[in-house]
Amino acid sequence: MYDVIIIGSGPAGLTASIYAVRASLKTLVVAGYNQGGQLMLTMLVENYPGFPNGIEGPVLMQNMRKQAENLGVEFVDKDAVEIDVSKRPFLVKTDKVFESKSLIIATGADTKWLEVAGE
């Protein structure tokens, strides 16, 4: 039984996980197979505090995950295929079923490629 399960491993999900575990909540991130969100496609992030020369998106996401892991956040690197919020505890299903008192859905956006030259 988790205090909070976070679905999504982009910046919002990882930030939420860091705050949750620092609040002494047993925290699980269902990271999915495609981890890191849109920043995994970003070569240079120049508007994130603390990096005066910018940072590569994948490096930033790796650092955020490492910080969460160091604080005690648990990770499942599989997609959530079903959730049940009709009763408590909430259920999140991957290839296993996880129970939680609360749920944060931070799945973000998905790039829609146009498949045109120069994209």
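A brief report on the enclosed structure follows.

Parameters and conventions
Every chain's residues receive numbers from 1 upward, in the order its sequence appears when written. Whole-chain, interface and lining totals are the exception, using all residues; otherwise, since this is a predicted model, local features are given only for residues with pLDDT of at least 70 and side-chain atom pairs are given and counted only at 80 or more. No hydrogens and no water enter the side-chain calculation; it runs on all heavy atoms of the structure. The criterion is simple. A nonpolar core is a set of buried Ala, Val, Leu, Ile, Met, Phe, Trp, Tyr and Cys residues joined through side-chain atoms within 4.5 Å. Whether a residue is buried, partly exposed or exposed follows from its accessible area with a 1.4 Å probe, protein chains only, as a fraction of its type maximum: under 20%, in between, or over 50%, in that order. Each helix is a run of H or I in the DSSP string that is no shorter than four residues. Each strand is a run of E no shorter than two, and both are numbered from the N terminus. Contact criterion: two residues are considered in contact whenever any of their non-hydrogen atoms come within 4.5 Å of each other. Whenever two N or O atoms come within 3.5 Å, that pair is a polar contact, provided that in protein one can donate a hydrogen and the other can accept it, and provided that, for residues adjacent in sequence, both atoms are side-chain atoms. Axis angles are defined between N-to-C directions and span 0 to 180 degrees, where every axis is a line fitted to C-alpha atoms and, for a helix, only to the segment in contact. Working definition: roughly parallel below 35 degrees, roughly antiparallel above 145 degrees, roughly perpendicular at 65 to 115 degrees, and oblique for all remaining angles. For any pair of crossing helices, the crossing counts as left-handed if the nearer helix is rotated counterclockwise from the farther one by less than a right angle, and right-handed if it is rotated clockwise. Patch membership requires over 30% relative accessible area and the absence of a salt bridge. Like charges are linked within 9 Å, and nonpolar side chains (Val, Leu, Ile, Met, Phe, Trp, Tyr) within 5 Å. Only the protein chains shown count as cover for residues, with accessible areas throughout obtained via the Shrake-Rupley method and a probe of 1.4 Å. Think of a salt bridge as a Lys or Arg side-chain nitrogen and an Asp or Glu carboxyl oxygen that are within 4 Å of each other. By this rule the span expected of a helix is its residue count minus one, scaled by 1.5 Å. In this description, the arc belongs to the directions extending from the helix axis to the C-beta atoms.

Here's the deal with the nonpolar core
Here is step 1 of the chain: If you look at the biggest cluster of nonpolar residues, it comprises 17 residues, and the most contacted ones within it are Val29, Val73 and Phe75.
Here is step 2 of the chain: Of all the secondary structure elements, the ones that give two or more residues to this core are strand S1 (2–7), helix H1 (11–22) and helix H2 (57–71).
Here is step 3 of the chain: With residues up to four places along the chain from it excluded, the contact list for Val73 reads Ser17, Val21, Thr27, Val29 and Ala68.
Here is step 4 of the chain: Counting residues in hydrophobic clusters, the runner-up holds 10 residues, among them Leu28, Val30, Val76 and Phe98.

Here we look at the side chain of Thr94
Here is step 1 of the chain: Examined against the element boundaries, Thr94 turns out to sit in the loop between strand S5 (90–93) and strand S6 (97–105).
Here is step 2 of the chain: Given the relative accessible area of 8%, Thr94 is considered buried.
Here is step 3 of the chain: For Thr94, the side chain forms a polar contact with the side chain of Asp95, separated by 3.1 Å.
Here is step 4 of the chain: When sequence neighbours within four positions are dropped, the list of residues in contact with Thr94 reads Val30, Val76, Lys78, Asp79, Ala80 and Val81.

Some thoughts on the packing of H1 against H2
Here is step 1 of the chain: For the pair H1 and H2, the least separation of the axes is 9 Å and the interaxial angle reads 20 degrees. Here H2 runs roughly parallel to H1, going by the angle between their axes. H2 is crossed by H1, and the crossing has left-handed handedness. Two secondary-structure elements touch here, H1 through Pro11, Leu14, Thr15, Ser17, Ile18, Val21 and Arg22 and H2 through Met61, Met64, Arg65, Gln67, Ala68 and Leu71.

Digging into a nonpolar patch on the surface
Here is step 1 of the chain: A cluster of nonpolar residues, Met40, Leu41 and Trp113, forms a patch on the protein surface that exposes about 330 Å² of accessible area.
Here is step 2 of the chain: Along the chain, Trp113 turns up in the segment after S6.

A word on the side chain of Ser9
Here is step 1 of the chain: With respect to the helices and strands, Ser9 occurs in the loop between S1 and H1.
Here is step 2 of the chain: Residue Ser9 is classed as buried on the basis of its relative accessible area, which comes to 7%.
Here is step 3 of the chain: From its side chain, Ser9 meets the backbone nitrogen of Gly36 in a polar contact 3.1 Å long.
Here is step 4 of the chain: Setting aside residues up to four positions removed in sequence, Ser9 forms contacts with Leu14, Val29, Ala31, Asn34, Gln35, Gly36, Gly37 and Met61.

Concerning the pattern of salt bridges
Once the charged atoms of two side chains with opposite charge are near each other, the side chains can pair.
Here is step 1 of the chain: This model, assessed by the stated rule, comprises 5 salt bridges.
Here is step 2 of the chain: Two residues, Asp77 and Arg65, come together in a salt bridge whose shortest N-O distance is 2.8 Å. With a gap of 12 residues between them, Asp77 in the loop between strand S3 (74–76) and strand S4 (82–84) and Arg65 in helix H2 connect regions that are remote in the sequence.
Here is step 3 of the chain: Measuring nitrogen to oxygen at the nearest pair gives 3.1 Å for the salt bridge that ties Asp84 to Lys87.
Here is step 4 of the chain: The partly exposed category is assigned to Asp84, whose relative accessible area is 21%.
Here is step 5 of the chain: Residues participating in the shared-partner salt-bridge network are Arg65, Glu69 and Asp77.

Quick word on H1
Here is step 1 of the chain: Helix length check: H1 (12 residues) gives 17 Å between terminal C-alpha atoms against 16 Å at 1.5 Å per residue, within 8%.
Here is step 2 of the chain: Three or more residues of H1 are buried, namely Gly13, Leu14, Ser17, Ile18, Ala20 and Val21. Within H1, the buried residues cover an arc of 165 degrees as seen down the axis, which keeps them to one side. Away from the buried face of H1 by more than 90 degrees, exposed residues Ala12, Tyr19 and Arg22 are located.
Here is step 3 of the chain: Looking at the buried residues of H1, the elements they touch are S1, strand S2 (27–30), H2 and S3.

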